[in-house]
Structures are given as structure tokens and as C-alpha cells.
Amino acid sequence: MKKSIIYGVAIALAAGFTSCDSYLDINDNPNSATESKLKPSNIFPGCEGAFMNIYGGTWHYMGAFQSWQFAQQASVWQWGQIARGDVTNETGNSGYYNIYAKVLMNLQAVLRMSEKDEDWGTYLAATTLRAAALQIIVDAFGDAPYSEALDIDNNKVPKWDSGADVYAGILAELDAALGKPIIGAKSVCTTLLFGESKPASDWVKLANALKLRILMRVSNVQNVQSQLASLIAEDNFPTSDVRWQGFFANQESKSNPFFNQFTAHGTHEPYAQMNIAVQKVYEAAADTREMRYFKTNNDGKYVGWLSGCYPGNEFASSYNAMGDCSNAKLSYDDPVNLISVAEIEFFKAEYEARYGSQASAKEHYEKAIKASFTKTAGLDETDAASVIAAWPYTPDNWAKCIGIQKWIHLTMVNGFEGWCELRRLKYPAFGTATGDDILPKAKDSTIDMDLLVAGEIYTTAAWERDAQLPANTVIQRWIYPSNSSNNNPNTPKPVPITTPVFWAQ
């Protein structure tokens, strides 16, 4: 019996792409098209839309709040929860469900169709998005249904595989797809990421970039030097940031998903604010990315707030009003970033620092900072000079240099990746100042910014922090989602949020 494609997209992000309008109603309709009546070009944009909505929306800002990039507006409560360590089995529910039901299930159909037609460019595109989707599940929860997943006819209760096994599996899938007889100039199916009639070579470069990210992610716990050496020697990576853009509309559910949550389209304006840890790094280098990504407060100044602190009307009253701190500067047509040239250059710098030439490491480090300004932020390359001078590459402390600058690059660009790299590189690191020091629990207290050193993070005030998050601790994982644990007896028992995922150990 043919199965209807599970293909409804949570929000109509593809609507600006006129030919995609009809893609959005295929799910849950008994008269909907079956797989035999569809083509990969009918299905793939919806897979992207569902992935983009989670990765560039909910999980982007959740990662940013728990990695000291964002702070919630001082007079509201809910967005500080995850920064305080208030993680439950519902924290990752929406992302988990959408990745499996709306991304991976439908990519299975694309893989079947493209394999049957020997359309290996489209096959690689589907494999690449599948690898990205499975990677973020592992990065969020530590483990994931993989080897027994997606066969809903024969196994509705798949086992959860270890994160290491999933990573090994998706690397093997990428290698196998890249090994197919792909015709680089031949176009692949319609995609939102690269557009219609784009060559398979774009997906080859993206697949290589994701392989680089995966290999660097595991490089602290596995010996992958030879694989990295081969990939970097080939140097066939994107030369522009890979991101979804150009089809968002200034309408509810059709705009950038982060914008849709934190502007008048949603109910949370303007609760995403600059963290004081970010403010200090910007200030140390007269960094113009501060002006690019954040607004001034009502007094025309850039002012950050503290992670997880909720003073209400009693504490720090001078920071209670909506305009007291710097809000994120958002636009409906902001791109959703998958991987940037700056990230690729930072990975190259790290590779050289660990295995190769310190001179090359310095070169790639500086290229990464310049790419963050020019290719990602749209600023002039000369603006990067003050950052390179204030945060120079030093061979003896390369992880700190790269970690802090990658973290600040990913601020407002990709909060989920910011959280991942903070856990892996361990920078920015905790300093001596704590949230209790910066904001004493006293009526009308004020923030003492001078206590915080640029390039350091701080523990949330003890009177706000959740009991499951000790002082000087980064949230390392989310609890296995109730979407799985309530329905699948093979879901593992909960693991403390302080237990690192396998690649961060």
C-alpha cells in the first residue's frame, strides 16, 4: 500500500517562492498526492522549510540564550528559562518532531526517487540535508533514533543509537553520495537553498563543508586527522555563505522564523537582547558588528543584559523598561544561515593550529574574521582590522582565540552552532565574576559592568539558576523529548543536562 507523504510544513516559509504554494497542503489530506504522483522537486522545498524553521528559528534562539549571546528582556520571564537551566523533556519537542516527521520522512521519498532515476545530484542534496538534520538531533540530545528509524510500517518503536554511531553513519552516507557518478554541471531538483536549475556542484561543496564540521566536531575524541587532511587539501568548499534567503515576505508565517517569533508578528517583541558578555567583546575592539546586529537603547547606547536574570520591579529597576537594553536588530528577510565561509575558515585555522602550520593558522583565523564582516554581516573588510588587532591569533592559546571569535561571529548568525562550538572549544570560558557579583540581589541595584572581563562568561545568579545547573556550567544537552519517551519504550532514560554529548567530552 502506498503511503501519503508526511509533508506539511509548520509554517508557509516557501510561499514567497510561488511554485511552492501547493506544497504546503499535502499532509493529513486523505485525497493528497501519493509518492507515485510526486517528484523530488515537489517534496524537497518543504523538507528545507521544516528544517529551516527549527534550525533558524526555535533552536537558533534557544542556543543563543544558553550560550551567553542573548539575554531576555529584563521584565519578562520565559526566555530566560533555558539560560537558567530550566530544561525539561518538552524543551526540544517541536524540533525533534519536525525533524523526523517533516524532514527525514520526506527525504526518504526523495532518496528513493532520485536513486531510481539515477539522479545522483538530487540524491546528494537529499543526503546532505538528511545529514544536517540528524547531526543537530545528536548535537541537541546526545543520541538519536537512526538505524531503526523511519520504517514506520515495520518498527514504530526504534532504538536510539549512540551519537558516535549516528555521526559515523551520516559521514558514511555523505561519502557514499559523493562517490556516485555526479555530473557537476547537471541541475538538481528545485531547492530553496540554491534555487531552480542549479548545478550539483553547489551541493558537492556544501556536503564537503558539512563533512568538515562533523569531522572537526569529533576531532577531540576521535583520530580523524587523515580525513581532515584530505578534505582540506581538496579545498572544494562554498565561497559564499550558504543560507536560505530571498523568498521571505513581510507577513506572519512567511518571514524569517526568528523575526516571526520576536517581532510584531509574534508576541515577544523585543525580548531578545544583547548579552553583556557579547557587549564586552564588541567594546574591546570597537566592533561594528554590534551596530549591524543590535539596536541602541533609548539613550542611544549599546547596553547588554544578564543571562537568566529576572529583576521584575524590585531589582535593577533602571533596566526594567523595554528600551533600557539593546534589542536584536531584526528584519523579515534576514537569511537563515546553514554554514558560513567564516566558519569554514575557522575550522581551517583550527586544523592548522593542531596539525599544521601556525602561520597558516593565523592566516585562516584572520580570513575568518574578515569573512564574518564582509560575507556574513555585509560590512567593509577594513572594519575587521580593529578586531584582529584587539584579538590577535596566538599559537599558545589558539583555542581561546578561535573560540571567542567564532562565538562572536555566530552571535545573531546561528545560535545553535554557537552553543555547539562553545561546548566543544570551551571558549568563552567562565571568569571570576558571577551573576551575583554583577547584579547583587538588592533593591534598585545596578549592573557593575567593570567586573566582567571581555571574552569571559559568567554563571547566572544563584537566586535565579535552576537546581539542575551548577555554577560555572554550560548546558551540555537537552533531555530526551517527551514526544519520544511518551510513545517509544526504547527511549533512553534521562541523562543530566550537565553530561556532555560524546564529542564534547
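The rules behind these values
Residues numbered from 1 in each chain as written. Predicted model: local features only at pLDDT ≥ 70, side-chain atom pairs only at ≥ 80, totals over all residues. Heavy atoms only, no water. Helix = DSSP H or I, 4+ residues; strand = E, 2+ residues; numbered from the N terminus. Rg over C-alpha atoms; globule rule 2.2 N^0.38 Å. Buried < 20%, exposed > 50% of the residue type's maximum accessible area, 1.4 Å probe, protein only. 1 Å grid on protein atoms, 1.4 Å probe; cavity = no way out; pocket = protein on both sides within 12 Å on 5 of 7 lines; lining within 4 Å. Points joined across faces, edges and corners; volume = space filled by probe spheres on them. Nonpolar A, V, L, I, M, F, W, Y, C, P; charged D, E, K, R; others polar. Salt bridge = Lys/Arg side-chain N within 4 Å of Asp/Glu carboxyl O. Phe/Tyr/Trp six-rings, centres within 6.5 Å; stacked < 30°, edge-to-face > 60°. Lys NZ or Arg CZ within 6 Å of the ring centre and 35° of its normal. Axes fitted to C-alpha atoms, helices over the stretch in contact; angles between N-to-C directions. Parallel < 35°, antiparallel > 145°, perpendicular 65-115°, else oblique. Left-handed = near helix turned anticlockwise from the far one by under 90°. Contact = heavy atoms within 4.5 Å. pLDDT = per-residue confidence, 0-100. Core = buried A, V, L, I, M, F, W, Y, C linked by side-chain atoms within 4.5 Å. Expected span 1.5 Å × (residues − 1).

## A short note on the overall build of the protein
Working step 1: Within the protein one finds 16 helices and eight strands.
Working step 2: Over its C-alpha atoms the protein spans a radius of gyration of 22 Å, differing by no more than 12% from the 23 Å that the globule rule assigns to 505 residues.
Working step 3: Based on the C-alpha atoms only, the size of the protein along its principal axes is roughly 65 × 50 × 45 Å.
Working step 4: The buried share of the protein, taken over its 505 residues, is 61%.

## Digging into empty space enclosed by the protein
Working step 1: Taken as a whole, this structure holds two cavities of 30 Å³ or more when the rule is applied.
Working step 2: A volume near 240 Å³ is recorded for the largest cavity.
Working step 3: Along its surface, the largest cavity is lined by 18 residues, and Asp-334, Pro-335, Asn-337, Met-412 and Val-413 are the ones closest to its centre.
Working step 4: Where the lining of the largest cavity is concerned, the elements lending two or more residues are helix 1 (40–65), helix 9 (289–293) and strand 6 (336–339).
Working step 5: Among the elements that line the lining of the largest cavity, the one with the most residues is helix 1, at three residues.
Working step 6: When its residues are assigned to classes, the lining of the largest cavity shows eight nonpolar, six polar and four charged.
Working step 7: Considered as a void within the structure, the second largest cavity measures approximately 80 Å³ in volume.
Working step 8: Lining the second largest cavity are 14 residues, and of these Trp-68, Ala-83, Thr-460, Leu-469 and Thr-473 lie nearest its centre.
Working step 9: In the lining of the second largest cavity, the residues fall into eight nonpolar, five polar and one charged.

## What to know about the pattern of salt bridges
Working step 1: The final tally for this structure, using the stated rule, is 18 salt bridges.
Working step 2: The closest approach of N and O atoms between Asp-175 and Lys-211, which form a salt bridge, is 2.6 Å. Placement of Asp-175 in helix 4 (residues 163–178) and of Lys-211 in helix 5 (residues 200–218) is noted, with a sequence separation of 36 residues between them.
Working step 3: With relative accessibility at 40%, the residue Asp-175 sits in the partly exposed group.
Working step 4: Glu-366 is the salt-bridge partner of Lys-362, the closest N and O atoms lying 2.8 Å from each other. Of the two residues, Lys-362 and Glu-366 are both situated in helix 11 (residues 358–376); the distance of four residues between them amounts to about one turn of the helix.
Working step 5: Given a relative accessible area of 39%, Lys-362 falls into the partly exposed group.
Working step 6: Residue classification places Glu-366 among the buried residues on the basis of a relative accessible area of 19%.
Working step 7: When salt bridges with common partners are traced through the structure, they connect Asp-139, Arg-213, Arg-217, Glu-343, Glu-350, Arg-354, Lys-406, Glu-417, Glu-421 and Arg-424 into a single cluster.

## Focus: the packing of aromatic side chains
Working step 1: Counted by the stated rule, this structure contains 31 aromatic pairs.
Working step 2: Ring centres of Trp-120 and Tyr-123 lie 5.4 Å apart, and the angle between their planes is 80°; on these two criteria the pair is classed as edge-to-face. Separated by three residues within a single helix, Trp-120 and Tyr-123 lie in helix 3 (residues 120–141), roughly one turn from each other.
Working step 3: On the basis of relative accessibility, which here comes to 17%, the residue Tyr-123 falls in the buried class.
Working step 4: Clustering of aromatic rings is evident, with ring pairs tying together Phe-51, Tyr-55, Trp-59, Tyr-96, Tyr-100, Phe-141, Trp-160, Trp-244, Phe-416, Trp-419, Trp-478 and Tyr-480.
Working step 5: Over the aromatic face of Trp-120 sits the side chain of Lys-180, whose NZ or CZ is 4.6 Å from the ring centroid.

## Digging into the packing of helix 3 against helix 5
Working step 1: Contact pair helix 3 / helix 5: the axes reach a minimum separation of 9 Å and the direction vectors enclose 25°. Regarding the angle of helix 3 to helix 5, the classification is roughly parallel. Crossing angle aside, the handedness with which helix 3 passes helix 5 is left-handed. Judged by residue contacts, Gly-121, Leu-124, Ala-125, Thr-128, Ala-132, Gln-135 and Asp-139 of helix 3 engage Ala-200, Trp-203, Val-204, Leu-206, Ala-207, Leu-210, Arg-213, Ile-214 and Arg-217 from helix 5.
Working step 2: A class-by-class count of the residues in the contact of helix 3 with helix 5 yields 10 nonpolar, three polar and three charged.

## Focus on the environment of Tyr-96
Working step 1: With respect to the secondary-structure elements, Tyr-96 resides in helix 2 (residues 93–116).
Working step 2: Residue Tyr-96 is classed as buried on the basis of its relative accessible area of 10%.
Working step 3: Spatially, the C-alpha atoms of Tyr-96 and Ile-54 are 9.1 Å apart, while their sequence positions differ by 42 residues.
Working step 4: If we skip the residues at most four places from it in the chain, Tyr-96 touches Trp-59, Ile-137, Phe-141, Pro-145, Trp-160, Pro-481, Asn-483 and Ser-484.

## Observations regarding the layout of surface pockets
Working step 1: Taken as a whole, the largest pocket spans an internal volume of roughly 510 Å³.
Working step 2: Considering the residues around the largest pocket, the lining is formed by 18 residues, among which Tyr-96, Tyr-100, Ile-152, Lys-156 and Pro-158 are closest to the centre.
Working step 3: Take the lining of the largest pocket: its biggest share by element is five residues, from helix 2.
Working step 4: Reported here for the second largest pocket is a volume of approximately 300 Å³.
Working step 5: Along the wall of the second largest pocket there are 13 residues; nearest its centre are Met-62, Trp-79, Gln-81, Ile-82 and Thr-91.
Working step 6: Of the residues in the lining of the second largest pocket, the class split is five nonpolar, six polar and two charged.

## With respect to the confidence of the model for the protein
Working step 1: In the predicted model, the protein carries a mean pLDDT of 89, and 90% of its residues have values of at least 70.
Working step 2: Scored below 50 in pLDDT, residues 1–32 shows 73 contacts in the model against residues more than four places distant or in partner chains.

## Digging into the nonpolar core
Working step 1: By size, the foremost hydrophobic cluster in this structure holds 163 residues, and its most contacted members are Phe-51, Trp-59, Trp-305 and Trp-478.
Working step 2: Ranked by residues supplied to this core, first place goes to helix 3 with 15 residues.
Working step 3: Once residues lying within four places of it in the same chain are set aside, the contact partners of Trp-59 are Ile-54, Gly-92, Gly-95, Tyr-96, Ile-136, Ile-137, Ala-140, Phe-141, Phe-416 and Trp-478.

## Considerations on helix 13 (residues 398–410)
The periodicity of an α-helix, 3.6 residues per turn, causes residues three or four positions apart to be oriented the same way.
Working step 1: Taking 1.5 Å per residue as the helical rise, helix 13 with its 13 residues ought to reach 18 Å, and the 18 Å between its terminal C-alpha atoms agrees with that figure.
Working step 2: Summarising burial for helix 13: 12 of the 13 residues are buried, a large majority.
Working step 3: Residues of helix 13 that are buried: Trp-398, Ala-399, Cys-401, Ile-402, Gly-403, Ile-404, Gln-405, Lys-406, Trp-407, Ile-408, His-409 and Leu-410.
Working step 4: At its buried positions, helix 13 is contacted by helix 8 (276–284), helix 9, helix 10 (341–355), helix 11, helix 12 (384–390) and helix 14 (415–425).
Working step 5: One or two residues past the end of helix 13 sits Met-412, with phi positive at roughly 70°.

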